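Architecture at a glance
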Amino acid sequence: MPVPEADGRHRASAAFSLSFLSLVFSITAFSSSYWCEGTRKVAKPFCTGDSKGDLCIRFNSPDGNGSQAVQYIWETGDDKFVEKKFHAGIWYSCEETINEDGEKCRSFISLTPASDRGVLWLSIVAELLYVLLLLTGNILMSVEMCYYSSVIDGLKINAFSAVVTVLAGLLGMVAHMMYTTVFQMTVNLGPEDWRPHTWDYGWSYGLAWTSFACCMAAAVTTINKYTKTILEFKHKRKKLERSFRIEYKFPDHTAPEKVCNVYVNSFQNSTDDPTHALRSLRHLATISVL
């Protein structure tokens, strides 16, 4: 049975939807700073003025800071430290400030060890190419769905969009893996005033890999649509050739194949589904015999 036209449109719509989701997820993850999240253990500052609470070190007398007498602090061990939350991405690393609102952000590139900075730049370039190829694939898929001059042109666009989407997925996978490696090296060899006490991957990291999964799913769907159409067309053509040899007594044994070739060549400028149009070959073969 030939592939219904509605089935082909559904596959094209599914591939476009997956590719568009992948593009949105990749841009969101690339521009965010929540690839990794965790805490840093830092020493509490001394309480000044009216500062109160557990986020600063208090003296044994209210005027401890201005007195020349011996002062004592009661915090010992882990009580002298406070955990500050932080989150980092490809571009920035931000951490909360003690006794103040807001966050303090630094460039993640400046925190990366010099030996790994080149790998980080490669990761950034790969991420940019990933987004660019996803955008190109989306444009090609939308052109395939909305407009093409012939079925042959539609199949060419379909094949090219599949190749572009596969390349995008490979670049995205490499970029994500390189950033993971760079971040782990920065945790071990980065500045002392930045190294986290505990950390884990954030929602942006999960979103980036979800984008990769959607990209590969779109590529598989596009390749499946192209392959299924071509195989169905070839199968229908061979089936009709065998039927011609049985039903009609062609003087030339290659006549059935020539009939199919003439019809396919004349069909290149048509926008109909080739697997449906091959049905009319019987009428053409009858005319050829006569």
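What this report covers is the structure whose coordinates are included nearby.

About the thresholds
- Residues numbered from 1 in each chain as written.
- Predicted model: local features only at pLDDT ≥ 70, side-chain atom pairs only at ≥ 80, totals over all residues.
- Heavy atoms only, no water.
- Patch = residues over 30% accessible without salt bridge, like charges linked within 9 Å, V, L, I, M, F, W, Y side chains within 5 Å.
- Areas by Shrake-Rupley, 256 points an atom, 1.4 Å probe, with all protein chains shown as cover.
- Salt bridge = Lys/Arg side-chain N within 4 Å of Asp/Glu carboxyl O.
- Helix = DSSP H or I, 4+ residues; strand = E, 2+ residues; numbered from the N terminus.
- Buried < 20%, exposed > 50% of the residue type's maximum accessible area, 1.4 Å probe, protein only.
- Core = buried A, V, L, I, M, F, W, Y, C linked by side-chain atoms within 4.5 Å.
- Contact = heavy atoms within 4.5 Å.
- Polar contact = N/O pair within 3.5 Å; in protein donor to acceptor, adjacent residues only side chain to side chain.

1. Comments concerning a nonpolar patch on the surface
A surface patch of nonpolar side chains, about 480 Å² in accessible area, is lined by Val-125, Leu-129, Leu-132, Leu-135, Ile-139 and Val-143. Among the structural elements, Ile-139 can be located in helix H3 (residues 117–146). Judged by relative accessible area, Ile-139 falls into the partly exposed class, the value being 48%.

2. Concerning the nonpolar core
Of all hydrophobic cores here, the largest spans 20 residues; its most connected members are Trp-35, Phe-108, Leu-120, Tyr-179, Phe-183 and Trp-194. Looking at this core, the elements that each hand over two or more residues are helix H1 (5–31), strand E2 (81–88), helix H2 (108–111), H3, helix H4 (151–189) and helix H5 (203–247). By residue number, the principal contributor to this core is H4, which donates four residues. With near-sequence residues (within four places) excluded, Phe-108 lies in contact with Ala-88, Gly-89, Ile-90, Trp-91, Tyr-92, Ser-93, Leu-120, Tyr-179, Val-182, Phe-183, Thr-186 and Trp-194. Leu-23, Tyr-130, Leu-134 and Cys-215 belong to the second largest nonpolar core, which has seven residues in total.

3. Re the side chain of Ser-32
As for its position among the elements, Ser-32 is in the loop between H1 and strand E1 (36–43). Side-chain polar atoms of Ser-32 contact the backbone oxygen of Ala-29, separated by 3.0 Å. Residue contacts for Ser-32: discarding those within four places in its chain leaves Gly-89, Ile-90, Trp-203 and Ser-204.

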